[in-house]
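Breakdown of the fold
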Amino acid sequence: MAELACKNCRFINVDTNICRNCGSTDLTKEWYGYVVIVDPEKSEIAKRLEIKIPGKYALRVG
Ligand SMILES: [Zn+2]
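Conventions and cut-offs
Residues numbered from 1 in each chain as written. Predicted model: local features only at pLDDT ≥ 70, side-chain atom pairs only at ≥ 80, totals over all residues. Heavy atoms only, no water. UniProt positions renumbered as here; feature names shortened; annotations may be inferred. Core = buried A, V, L, I, M, F, W, Y, C linked by side-chain atoms within 4.5 Å. Buried < 20%, exposed > 50% of the residue type's maximum accessible area, 1.4 Å probe, protein only. Contact = heavy atoms within 4.5 Å. Helix = DSSP H or I, 4+ residues; strand = E, 2+ residues; numbered from the N terminus. Salt bridge = Lys/Arg side-chain N within 4 Å of Asp/Glu carboxyl O. Pairing = 2+ DSSP bridges.

Going by what an unreviewed UniProt entry lists, the chain is known as Transcription elongation factor Spt4 and is assigned to Archaeoglobus fulgidus DSM 8774. Under the UniProt heading Function (unreviewed entry), the note attached to the chain is "Stimulates transcription elongation." If you open the UniProt record of the chain and go to Subunit (unreviewed entry), you find "Heterodimer composed of Spt4 and Spt5."

See the structure below:
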């Protein structure tokens, strides 16, 4: 099971080459730490990162 973080929005995708959050194909396995966004509508972090769907997001990519 490969967990790949999107370089564009940092969403952590499992077993896919296309980001489920933003549609980017620029994914990397080089990422460190993560936050779990449960409710993007109410999260300040989510607004700052332009997160639209709940899930795991990498804190650092690359
Ligand atoms: Zn993305």
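**Quick notes on the nonpolar core**
Core analysis: the largest hydrophobic core is formed by 10 residues, namely L4, C6, C9, F11, C19, L27, I37, A46, I51 and Y57. Apart from the residues lying within four places of it in its own chain, the contact partners of L27 are L4, A5, C6, N13, T16, N17, I18 and C19.

**Some thoughts on the UniProt feature "domain: Spt4/RpoE2 zinc finger" (unreviewed entry) in the chain**
Summarizing the sequence annotation, UniProt attributes the feature "domain: Spt4/RpoE2 zinc finger" (unreviewed entry) to residues 3–62 in the numbering used throughout. With 10% helix and 38% strand, the stretch residues 3–62 has end C-alpha atoms that lie 14 Å from each other.

**Brief notes about the pattern of salt bridges**
All chains considered together, the criterion is met by four salt bridges. The salt bridge partner of E3 is K56, with a shortest N-O separation of 3.0 Å. Of this pair, E3 sits in strand β1 (residues 3–6) while K56 sits in strand β5 (residues 55–61), placing them 53 residues apart in sequence. Take K56: its relative accessible area is 25%, and that puts it in the partly exposed class. Between D39 and K42 there is a salt bridge whose closest N-O contact spans 3.7 Å. What makes D39 partly exposed here is its relative accessible area of 33%.

**Looking at the sheet that holds β1**
One open sheet accounts for three strands, arranged β2-β1-β3; its pairing is antiparallel. Looking at the sheet topology across the chains shown, the edges are occupied by β2 (12–14) and β3 (27–28). Looking at chain direction, β1 and β2 are connected through three bridges and run antiparallel. By the bridge assignment for β2, L4 is matched with N13.

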